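The lines below spell out each chain.
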Amino acid sequence: MKDIDPRMHTAEHLLSGTLVAMFGMGRPFTTHLEKKKSKADYRFARTLTEEEARSVEERVNALIDADLPVREEYLSREEAAAQFDLSRLPDAAGDRVRVVHCGNADACPCSGPHVASTKQCGRIRLISWSYEDGALRVRFRLEEP
Ligand SMILES: [Zn+2]
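Positions within a chain are numbered from 1, following the residues in the order the chain's sequence is written. Only residues with pLDDT of 70 or above have their local features reported here, since the model is predicted, and side-chain atom pairs are shown and tallied only from 80 upward, although totals for entire chains, interfaces and linings are computed over all residues. To get the side-chain values, all heavy atoms of the structure are used, and hydrogens and water are removed first.

A. Here's a closer look at the sheet that holds strand 3 (residues 70-76). When DSSP locates at least two bridges between a pair of strands, those strands are taken to pair. The helix and strand labels rest on DSSP assignments: H or I over at least four residues marks a helix, E over at least two residues marks a strand, and numbering proceeds from the N terminus. If you trace the 3 strands from one edge of the open sheet to the other, you get 3-4-5, paired in antiparallel fashion. The two strands at the open ends of the sheet, each matched to only one other strand, are strand 3 and strand 5 (106-109). The mean angle between the axes of side-by-side strands here comes to 25 degrees, regardless of whether they run parallel or antiparallel. One ladder, built from 7 bridges, connects strand 3 with strand 4 (residues 96-102); its direction is antiparallel. Opposite serine 76, over in strand 4, you have arginine 96 as the bridge partner. We call two residues in contact whenever any of their non-hydrogen atoms come within 4.5 Å of each other. Orientation is described by lines fitted to C-alpha atoms, with helices fitted over the stretch in contact, and by angles between N-to-C directions that extend from 0 to 180 degrees. Here helix 1 (residues 6-23) sits on the sheet in contact with strand 3, strand 4 and strand 5, set at roughly 80 degrees to strand 4.

B. Spotlight on the pattern of salt bridges. Take a side-chain nitrogen of Lys or Arg and a carboxyl oxygen of Asp or Glu: if they are within 4 Å of each other, that pair is a salt bridge. Under the definition given, this model contains 13 salt bridges. Note that arginine 27 is salt-bridged to aspartate 106, the shortest N-O span being 2.8 Å. Highlighted residues: arginine 27 in the loop between helix 1 and strand 1 (30-32) and aspartate 106 in strand 5, separated in sequence by 79 residues. Throughout, exposure labels follow a simple rule: accessible area from a 1.4 Å probe, protein chains only, divided by the maximum for the residue type, with under 20% read as buried, over 50% as exposed, and the rest as partly exposed. For aspartate 106, a relative accessible area of 8% puts it in the buried group. For arginine 54, the salt bridge goes to glutamate 50, with nearest N and O atoms at 3.1 Å. Pair noted here: arginine 54 and glutamate 50 are both in helix 2 (residues 50-65), with a separation of 4 residues, about one helical turn. With relative accessibility at 22%, the residue arginine 54 sits in the partly exposed group.

Spelled out as C-alpha cells, the structure:
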C-alpha cells in the first residue's frame, strides 16, 4: 500500500465498519483512497437509498465526533484468522497481523497509516453510491476538521 492519507484511511475503516454493522455486508474488496476523494467497492446486491446513505454518513460522523482513540494490536496469524477475513492481506505481511482498532467501534487487519484519534478525520461526506458490475460502489470525501 503506498502513500495513503491517514485521515482517509481511518475514515474508510469507520465507513466500512458502519456498512458491515448496518447491512451485514463484508469489508470492501477494493478501495481507492486518495486525499481529495475516495471510493470503496462492496459485495452487495443493490445500491443504497438516499435515506440509507445519509444515515450511514450520520453514523460515521458520530464515530468521528466521539474522537475514538485509534490503536494497533498485533496478533498471531492464527488468532487473527479466527476473528477476521485475512484474504485481502498479503502473505508477505508475515506471522504477526496488525489489527487497527477505532475505540471499540471497529477492528480490522490493516498495514496502512491512520490518525491518532477519529476527530482528526474531519467530516465525511458521501458523494455518490451506485450498483455497478455486481457491487455497491460508495464515493466519499472528507471536509477539514
Ligand atoms: Zn487502515
